[in-house]
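An overview of the molecular structure
Residue strings, one per chain:
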Amino acid sequence: MVVGVTLQDVLDFGDGPAAAGAPFGPLAPVRTPLSYGAWVDVAPGWLRAADELFEALRADVPWQAERRQMYDNVVDVPRLTRFYGESEVWPHVLLPEICRAISDHYLPTLGEPLVTAGLCLYRDGADSVAWHGDRIGRSRFQDTIVAILSLGSTRTLALRPRGGGTSIRLTSGHGDLIVMGGSCQRTWEHAIPKTREPVGPRMSVQFRPAGVR
Ligand SMILES: O=C(O)CCC(=O)C(=O)O
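A few points on the structure. (Residues numbered from 1 in each chain as written. Predicted model: local features only at pLDDT ≥ 70, side-chain atom pairs only at ≥ 80, totals over all residues.)

1. Examining the pairing of strand 7 (residues 146-152)
Test applied: For the exposure call, what matters is how many other C-beta atoms sit within 10 Å of a residue's own: 20 or more marks it buried, 12 or fewer exposed, and in between partly exposed, using C-beta atoms placed from the backbone. Numbering of helices and strands runs from the N terminus; a helix is a DSSP stretch of H or I covering at least four residues, while a strand is a stretch of E covering at least two. Any two strands with at least two DSSP bridges between them are considered paired.
The buried count for strand 7 comes to seven of seven residues, which makes it a mostly enclosed element. Of the strand pairs in this sheet, strand 7 and strand 10 (residues 177-182) are connected by four bridges, and their pairing is antiparallel. Residue I148 lies in a different strand from strand 10, and its bridge partner there is I178.

The structure is reproduced here in structure tokens:
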């Protein structure tokens, strides 16, 4: 879906946070090395235009509900999603700009750009994603990078070594960027656990290279 918002509209956004300048700040993430050659970078509050992007994506993305087989039952997947490939028109003019900025930063490490945008909407604390690695495609056997931009309510992004070990819990808040790299998708798992806290909606945008999902 194409929406009638240009990048200039976003940059000119009245008194909003983006009005002070660029929609995102300089990217200077703090890295935590993990075991087995995995690492995670965190850039809190990197996206300044988080309010505008959250509202626009919530309204304009044709969110999809999925169902999946679980033992003898078919159950609702507890979140809404929408995936945008590199040849599709993305639902907000800022998303390609954001993707390009992250790609430029990680190009020396990754050697290729991030080109897809996976969107998830967690409607409340009952929505979640279970422990998994993004291992569909090349990430099953190659190091890669998955960058996650968070919008809306703060949730925990948990990470644990695959096969067991101590988990770490990162706060993923409005405008925060968390980047998993190295062997992270093969040797670690991540999850957004359910919470009983009265949280509002939270959205994530995952930027990945071609052939990684
Ligand atoms: O929403 C998030 O922050 C994580 C999403 C995720 O891990 C996935 O969709 O593979």
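Let us keep going from here.
2. Brief notes about the site of the ligand
For the record, the criterion: All residues are tested the same way: a C-beta atom is placed from the backbone, and lying within 6 Å of a molecule or strand makes the residue near it. Ten residues, namely Ala, Val, Leu, Ile, Met, Phe, Trp, Tyr, Cys and Pro, are considered nonpolar, four, namely Asp, Glu, Lys and Arg, are considered charged, and the remaining ones, Gly among them, are considered polar.
Lining the immediate environment of the ligand, one finds G118, C120, V129, D134, I148, L157, S172, H190, I192, S204 and Q206. Contributing elements (two or more residues each) for the shell around the ligand: strand 5 (116-122), strand 11 (188-192) and strand 12 (202-208). Across the shell around the ligand, the residue classes tally to five nonpolar, five polar and one charged.

3. Let's talk about the sheet that holds strand 5
Keep this limit in mind: Helix axes are fitted to C-alpha atoms over the stretch in contact, other axes to C-alpha atoms as well, and angles between N-to-C directions run from 0 to 180 degrees. Here, residues touch in the contact sense if the C-beta positions derived from the backbone fall within 7 Å of one another.
Spatial strand order, 1-2-10-7-12-5-4-3: eight strands in an open sheet with antiparallel pairing. A strand with exactly one partner marks an edge of an open sheet, and here the two such strands are strand 1 (30-33) and strand 3 (64-70). Strand-to-strand twist across the sheet, computed as the mean angle between neighbouring axes with direction ignored, equals 25°. Its contacts with the sheet place helix 2 (residues 50-60) against strand 5, strand 7 and strand 12, and it is angled at close to 90° to strand 7.

4. Considering the environment of R58
With respect to the secondary-structure elements, R58 resides in helix 2. Measuring from C-alpha to C-alpha, the distance between R58 and L121 comes to 8.1 Å, with 63 residues separating the pair along the chain. If we skip the residues at most four places from it in the chain, R58 touches P201 and M203.

5. Focus on the pairing of strand 9 (residues 168-172)
Sheet topology note: the strand 8 (residues 155-161)/strand 9 ladder contains five bridges and is antiparallel. Bridging across to strand 9, L159 finds its partner in I168. Remark: six residues form the turn of the hairpin made by strand 8 and strand 9, two consecutive strands paired antiparallel; G163 in that turn has positive phi of roughly 90°.

6. A word on the environment of H92
Looking at the element boundaries, H92 is found in the loop between strand 4 (73-84) and helix 3 (94-110). A tally of 24 C-beta atoms within 10 Å means that H92 is categorised as buried. Placed 35 residues apart in sequence, H92 and L57 show a C-alpha to C-alpha distance of 7.1 Å.

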